[in-house]
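# What the coordinates show
Below are the chains, spelled out letter by letter.
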Amino acid sequence: MNDDIRQRRRQAAWFCFEQHLTEEQLLEAIGILEQQFQLDGVGVLISYVSTICAQFNLGKEVGKALCVKFFEVMANREIKLPTDPLLLIEEKRFSAIRQQEQQAAAEKAKEAAPPPVEEIPAHSMIFMSLLKYLLKEVFTDEMELIKLLKLCCEQDKKIHKDIKAAIDNWQLNPQSFRWVLPFSESQLAEVTHLIYVCLCEVSGPVEADQIFHKAIAVCELRPEAKKFPPSRLL
Amino acid sequence: MEQQLALIWSAMCVCLVFFMQAGFALLESGSARAKNSINVMMKNYMDMCVGGIVFWAFGYGLMYGDTLGWFGTSQFLPNPVNSKDAIHLAYQIMFAATSATIVSGAVAERMKFSSYLIFSGIVTGLIYPIFGGWIWNSGGWLAKLGFFDFAGCTVVHSVGAWCSLAALLVLGPRLGRFSLTGEVREIPGHNLTLVALGAFILWVGWFGFNGGSISSLTTDNLGLVILNTHLGGCAGALGAMAFMASQKKPTLMSATINGSIAGLVSITAGAVHFSPTSAIMVGFLGGIFYGVGAQVIIKFKIDDVVDAIAVHGVGGIWGTLAVALFPQGEFSLHTLLIQATGVVMAFLWSFPLAYISFKAIDMYLGARASTLHEQRGLDYTEHYELGYPEFQKSLIGSAEKDKGHE
């Protein structure tokens, strides 16, 4: 079957079923025609119209009428038919592909992009720097400091319960310093003092003062120090 | 003429003993960390001011008023009409302040300033004068027993030391001085040059402290008193050095200085009686006993910043007993027992009273500075001033923020 006849069959099918089916159903019907009813012959066309009528519940009477109409359209070249539906199908397909591509690209871009930057307050950043420096220079690991902090909390009844709870939570995930984030400047100053008491226990008061001097000097190099001078934690 | 000379000499001694306050202030301030230097200075300065007024108002009457042996009941708010009495009063005021100022060094770096001033008032207005009256008031019961303390070896120095001990037991050590595992951490003073200068000044003042205690220029040998005082100080330093050598320790300047002060304390009880040889022996052993005492104090985990208990307490005990052990004539066990009685009574009177007073202050006002103030330093948290602003400024950010208040 040449291309011209195949095109006319598609146009005829669209023309016949246009009044009975929606656009989506029409496109599906054209798809069925292209995939399953490519052979030439009257029986093939009748079978096609019957299949479509059965699939979309058009009834036998409508089916007979449509068969007659289909043959007339195919036979009479004078009847003006709509644009080849294949073009519409192709356009739809390309449109869907473009949409999929765009979605995939958007998802890919979403995955590749850095997560939204959380605004960490300057005092928290400075405190975390101080803490990291002290952990590196003085304590063997986070757990050593946590144990001492808990001991200090037990001895000092004035320590705020939120700070005690935060230190307990830190124990569960010692590598993370996110427990610092909810605290205000004055609360972090309180924790800093607790750490000083721990330092005095570990290294003695003279070294504790020296280490604090160095830690503050290191923290002052951070860009956040312009917003929040590290000495305010002391 | 002789009376006028005695008057002038006494007035000079008032100045010399006053100058001892500067010596104590420098020695104690230098022995403390830089962040507490102003606070120590202020304590020395103000216990002179508070002590001066309190002793004038109450202390002098309790010490020198009419007495049945225990405490004076007259001469409160005294208004001396002649120079001799006024100078005597001024001289005694200086002594009272000296006793109180011994405490300031011991409790340095962790005591609230306001609480210290109250305690200083109690020492100069109650503890020191009542005990002093037992010995230096002619009607005092220890004086009647024959107890002899020429210039305040027990009356001033031991009483100051026992008050210090009481304060230290209530206060506890400085943050981190002793670890939980029992490790002893040295906390060196920020300026040993000041310590040495303070000791020199103390030494100069001691010539007035002992020299002013003579009853007259003719009956007592002023020259011998001054000579013995000097020799005692010299021998004390050598004694401390000998002790350090025997312990195979380095020759510490701070300990050597404390040894010389212990020697000066030791010589104070009998400076008018000792021969120069005895003075050297007494001073030398005073230096050694200081070394032993300082080690014992540390073993008990008592944090005495300037070793006041070892210097003034142990030195005071030794010097008072030495009066009987290095007699002018024959040795007398009776004299030794009387001297020992005075030593024991000094402790039994001053330590419990000071302890109770300090406990009361601690309960109602709080004696101990917070650990946060210890961290920031009492200079700023108590006085809002810095002894060394050039290198302390970076550490007072938060103090600036909240003006040192918690």
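None of these values were measured; they are calculated from a predicted model. (Residues numbered from 1 in each chain as written. Chains lettered and ligands numbered in written order. Predicted model: local features only at pLDDT ≥ 70, side-chain atom pairs only at ≥ 80, totals over all residues. Heavy atoms only, no water.)

### Concerning the side chain of Ser 120 of chain B
- Among the structural elements, Ser 120 of chain B can be located in helix H4 (residues 113-136).
- Ser 120 of chain B gets classed as buried once you look at its relative accessible area, which sits at 1%. (Helix = DSSP H or I, 4+ residues; strand = E, 2+ residues; numbered from the N terminus. Buried < 20%, exposed > 50% of the residue type's maximum accessible area, 1.4 Å probe, protein only.)

### Some points on the packing of aromatic side chains
Residue and element names in this part refer to chain B.
- For the structure on display, the rule yields 28 aromatic pairs over all chains.
- A ring pair is formed by Tyr 91 and Phe 95, whose centres lie 4.7 Å apart and whose planes are at 50°; its orientation type is tilted. Separated by 4 residues within a single helix, Tyr 91 and Phe 95 lie in helix H3 (residues 83-106), roughly one turn from each other.
- Among the residues examined, Tyr 91 registers a relative accessible area of 6% and is labelled buried.
- The exposure class of Phe 95 is buried, given its relative accessible area of 1%. (Phe/Tyr/Trp six-rings, centres within 6.5 Å; stacked < 30°, edge-to-face > 60°.)

### With respect to the domain arrangement of chain A
- When cut into domains, chain A gives domain 1 (3-108) and domain 2 (122-233).
- Of note, the centres of domain 1 of chain A and domain 2 of chain A, computed from C-alpha atoms alone, are 75 Å apart. (Domains from an automatic or database assignment.)

### Describing the interface of chain B and chain A
- Taken together, the contacts link 23 residues of chain B with 19 residues of chain A.
- Taken together, the links from chain B to chain A amount to 2 salt bridges.
- With a closest N to O distance of 3.8 Å, Arg 33 of chain B and Asp 209 of chain A form a salt bridge.
- At the surface where chain B touches chain A, the tally comes to 10 residue pairs in polar contact (both at pLDDT 80 or more). (Contact = heavy atoms within 4.5 Å. Salt bridge = Lys/Arg side-chain N within 4 Å of Asp/Glu carboxyl O. Polar contact = N/O pair within 3.5 Å; in protein donor to acceptor, adjacent residues only side chain to side chain.)

### Some words on the packing of helix H6 (residues 153-171) of chain B against helix H11 (residues 308-325) of chain B
Residue and element names in this part refer to chain B.
- Interhelical geometry of H6 versus H11 gives an angle of 140° and a closest axis separation of 8 Å. Here H6 lies oblique to H11, going by the angle between them. Relative to H11, the crossing made by H6 is left-handed. Of the residues in H11, those touching H6 at Cys 153, Thr 154, His 157, Ser 158, Ala 161, Trp 162, Ser 164, Leu 165 and Leu 168 are Ala 308, Ile 309, His 312, Gly 313, Gly 315, Gly 316, Ile 317, Gly 319 and Thr 320.
- Here the contact of H6 with H11 is composed, by residue class, of 8 nonpolar, 10 polar and no charged. (Axes fitted to C-alpha atoms, helices over the stretch in contact; angles between N-to-C directions. Parallel < 35°, antiparallel > 145°, perpendicular 65-115°, else oblique. Left-handed = near helix turned anticlockwise from the far one by under 90°. Nonpolar A, V, L, I, M, F, W, Y, C, P; charged D, E, K, R; others polar.)

### Observations concerning the nonpolar core
- Counting 108 residues, the largest nonpolar core has Tyr 128, Phe 131 and Trp 136 of chain B as the members making the most contacts within it.
- No other element matches the 13 residues that H6 of chain B contributes to this core.
- Ignoring any residue separated from it by four or fewer positions in sequence, one finds Tyr 128 of chain B in contact with Phe 55, Met 63, Gln 92, Phe 95, Ala 96, Ser 99, Val 123, Trp 136, Val 155, Val 156 and Val 159 of chain B.
- Grouped together as the second largest cluster of nonpolar side chains are 47 residues, Leu 130, Cys 153, Leu 181 and Leu 194 of chain A included. (Core = buried A, V, L, I, M, F, W, Y, C linked by side-chain atoms within 4.5 Å.)

### Comments concerning H3 of chain B
All names here are of chain B.
- With 24 residues, H3 ought to run about 34 Å at 1.5 Å a step, and its terminal C-alpha atoms sit 36 Å apart, in line with that.
- Of all 24 residues in H3, 18 are buried, a share of seventy percent or more.
- Here H3 starts with a cap whose side-chain oxygen sits 3.2 Å from the backbone nitrogen of Lys 84, and that cap is Asn 82. (Expected span 1.5 Å × (residues − 1).)

### Focus on the confidence of the model for chain B
- Of the residues in chain B, 96% have a pLDDT of 70 or more, and the chain-wide mean is 93.
- Within the model, the stretch residues 401-406 of chain B combines pLDDT values under 50 with 14 contacts to residues more than four positions away or in other chains. (pLDDT = per-residue confidence, 0-100.)

### Some details on the environment of Ile 79 of chain A
All names here are of chain A.
- Relative to the elements of secondary structure, Ile 79 occurs in the loop between helix H4 (60-75) and helix H5 (85-112).
- Counting along the chain gives 67 residues from Ile 79 to Ala 12, while the straight-line C-alpha distance between them is 9.6 Å.
- Ignoring anything within four residues of it in the chain, the contact list for Ile 79 reads Arg 8, Phe 15, Glu 72 and Val 73.

### Structural notes on the environment of Glu 28 of chain B
Residue and element names in this part refer to chain B.
- Tracing the backbone through its elements, the reader meets Glu 28 in helix H1 (residues 2-31).
- Under the relative-accessibility criterion, Glu 28 is labelled buried at 2%.
- Put simply, Glu 28 and Gly 198 are 170 residues apart on the chain and 8.1 Å apart in space, counted from C-alpha to C-alpha.
- When sequence neighbours within four positions are dropped, the list of residues in contact with Glu 28 reads Val 40, Asn 44, Thr 101, Ile 102, Ser 104, Gly 105 and Val 306.
- Within polar-contact distance, the side chain of Glu 28 engages the backbone nitrogen of Gly 105 at 3.1 Å.

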